[in-house]
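Commentary on secondary and tertiary structure
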Amino acid sequence: MKRHRHAIVFVLASVGAVGGCVGSEPTDNVDSIASPLLSGAIFTTTVDGSFVNANIYDAKEDVYLDGGPGPNAPASAAGLPAGYYYFQVTDPSGHTLLSSDPLSCRVFHVGSSGLIDSVGGGGCAHATGIDQDHGAITVQLMPYDDTPNPGGEYKVWVTPVDKIGDLDSPTHGFVHRYSKTDNFKVQEEVVTPPVCGDGHTDAGEECDDGNTVSGDGCSSECMIEYPPPPPCCGNGVMESGEECDDGNTMDGDGCSAQCMIEYPPPPPCCGNGVMESGEECDDGNNVDGDGCSSQCMIECPPPPPPPCCGNGVMDSGEECDDGNTVDGDGCSSTCTIEPCPNQPN
């Protein structure tokens, strides 16, 4: 089975074909249909009249109008009476007109065989195809707007030219009594747009670094930035254009605030406990008299320590040291010998 018909068929009075010039513009009196009701059927299909599962299409452009027989049926089966017809596309209720071109562009002709054999409309005629079963013309329904129906459903109407009523009517001149209709659905694939900043390079993106910040090589629109961003001085990483990067942007420490080597190198820092160029010593302080001067130079000779009276040790300059600093016990508090008691001085 090649086609799916989703059509309402009314078989009423037989209608004979009437004369007319195929392909010419219709008028109110050309190929008029004598029957008060319309027989035959219409259905939607693809450009070649092939089967459409459940009357659901992938895109609006895929939908074509066909009439007459179904698969393996005689060419005259369910054919529309001969004559000129207008068509329109609406929402399922018929109240919202979706066809976006003038009515005069939406006209076709049915021959005596009951098949569509030409389209009118002059320079605005719709595109056509050929039904692979019976050679009938298929008519593309585009252009028409998106349906407001949440299920993506549309309705196509076909009405004889001389049965078109008031175009300002709720169904835009297409009277139910004299019309054939067929509902169809279009369920176009929803394409999720790329999201810049998600860390995944999608179609249309040149890069995606996981953020939407410009100036880091990948712009806020996920396009590669030229030239690449400048090196970041002070991040502790040697990058292109840097001579050094010591993790800060301070001058005077050998690597400048612009990450360039400073010449000459900075002077030694006396008192930091590190022997640097130009220092003879560095004892971690800037105190003179402890063997390493406040300028980090060795003091020669080292000064002797002052005598410590009362420590029990005879130091230089002491006459005695009895381990205390008490007077009257023969060794004074200044570590000098005291005269004996009752002995004249």
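Predicted model only: the values in this text are computed from it and were never measured.

**A short note on the overall build of the protein chain**
- Along the protein chain, the regular secondary structure elements total zero helices and 10 strands.
- Shown N-terminal to C-terminal, the secondary structure of the protein chain runs as helices and strands in the order β-β-β-β-β-β-β-β-β-β.
- Within the span of the protein chain, comprising 345 residues, buried residues form 37% of the whole.
- Considering only residue pairs separated by 6 or more positions, the protein chain has 50% of its internal contacts joining residues 24 or more positions apart.

**Here's the deal with the sheet that holds strand β5 (residues 107-110)**
- Spatial strand order, β2-β10-β9-β4-β5-β6: six strands in an open sheet with mixed pairing. Sheet topology places β2 (56-57) and β6 (116-119) at the edges, where each strand pairs with a single neighbour.
- Looking at chain direction, strand β9 (residues 153-160) and strand β10 (residues 180-186) are connected through six bridges and run antiparallel. Residue pairing in the sheet places Y154 in a bridge with F184 of β10.

**Concerning the pairing of β5**
- Here β5 shows a buried face lined by V107 and H109 and a second buried face lined by F108 and V110.
- Sheet analysis places strand β4 (residues 83-90) next to β5, joined by four bridges and oriented antiparallel. The residue bridging G83 from the neighbouring strand is V110, located in β5.
- Relative to β6, β5 runs antiparallel, the two sharing three bridges.

**Notes on the state of the cysteines**
- A full pass over the atoms with the stated rule returns nine disulfides.
- The partner cysteine of C207 in its disulfide is C218, sulfur to sulfur 2.0 Å. Residues C207 and C218 are joined by a disulfide whose S-S torsion is about 100°; by sign, that bridge is right-handed. Placement of C207 in the segment after β10 and of C218 in the segment after β10 is noted, with a sequence separation of 11 residues between them. Of the two residues examined, C207 and C218, each falls in the buried class.
- A sulfur-sulfur distance of 2.0 Å marks the disulfide that ties C244 to C255. Between C244 and C255, the S-S torsion sits near 100°, and that sign places the bridge as right-handed. Placement of the pair is C244 in the segment after β10 and C255 in the segment after β10, with a sequence separation of 11 residues. For the pair shown, C244 and C255 are each scored as buried.
- The cysteine C232 is free of any disulfide, with C233 supplying the nearest cysteine sulfur at 7.6 Å.

**So, the pattern of salt bridges**
- Taken as a whole and assessed by the stated rule, the structure comprises two salt bridges.
- Between D146 and K60 there is a salt bridge; the shortest N-O distance is 2.7 Å. On the criterion of sequence distance, the pair formed by D146 in the loop between β8 (137-140) and β9 and K60 in the loop between β2 and β3 (64-67) is long-range, its members being 86 residues apart.
- The class of K60 is buried, set by a relative accessible area of 10%.
- One salt bridge in this structure joins D101 and R106, with 3.1 Å as the shortest N-O distance. The pair formed by D101 and R106 is uniform in burial state, with each residue classed as buried.

**Remarks on unusual backbone geometry**
- Backbone torsion omega between M142 and P143 reads 10°, so that peptide bond is classified as cis.
- Structurally, P143 is set in the loop between β8 and β9.
- Positive phi values are uncommon outside glycine, yet H172 reaches one of about 65°.
- In this fold, H172 is placed in the loop between β9 and β10.
- Its relative accessible area of 15% is what places H172 among the buried residues.

**Overview of the pairing of β10**
- Among the seven residues of β10, six are classified as buried, and the element is accordingly described as predominantly covered.
- In the sheet, β2 pairs with β10 via two bridges, with the strands oriented parallel. By the bridge assignment for β10, I56 is matched with K185.

**Comments concerning the side chain of D208**
- In this fold, D208 is placed in the segment after β10.
- No salt bridge forms around the buried D208; measuring N to O, its nearest opposite-charge neighbour K60 is 30 Å away.
- A distance of 3.0 Å separates a polar side-chain atom of D208 from the backbone nitrogen of G197.
- A distance of 2.7 Å separates the side chain of D208 from the backbone nitrogen of G199, its partner in a polar contact.

**Brief notes about the packing of aromatic side chains**
- Inspection of every chain in the model, using the stated rule, returns six aromatic pairs.
- With a centroid separation of 6.1 Å and an interplanar angle of 90°, the aromatic rings of Y57 and F184 are classed as edge-to-face. Of this pair, Y57 sits in strand β2 while F184 sits in strand β10; the two residues are 127 residues apart in sequence, bridging distant segments of the chain.
- When its relative accessible area of 2% is taken as the criterion, Y57 is described as buried.
- For F184, a relative accessible area of 1% gives the class buried.
- With a centroid separation of 5.5 Å and an interplanar angle of 15°, the aromatic rings of Y85 and F108 are classed as stacked.

Conventions we followed
Residues numbered from 1 in each chain as written. Predicted model: local features only at pLDDT ≥ 70, side-chain atom pairs only at ≥ 80, totals over all residues. Heavy atoms only, no water. Helix = DSSP H or I, 4+ residues; strand = E, 2+ residues; numbered from the N terminus. Buried < 20%, exposed > 50% of the residue type's maximum accessible area, 1.4 Å probe, protein only. Contact = heavy atoms within 4.5 Å. Pairing = 2+ DSSP bridges. Disulfide = S-S within 2.5 Å. Salt bridge = Lys/Arg side-chain N within 4 Å of Asp/Glu carboxyl O. Lys, Arg positive; Asp, Glu negative; His and termini not counted. Polar contact = N/O pair within 3.5 Å; in protein donor to acceptor, adjacent residues only side chain to side chain. Phe/Tyr/Trp six-rings, centres within 6.5 Å; stacked < 30°, edge-to-face > 60°.

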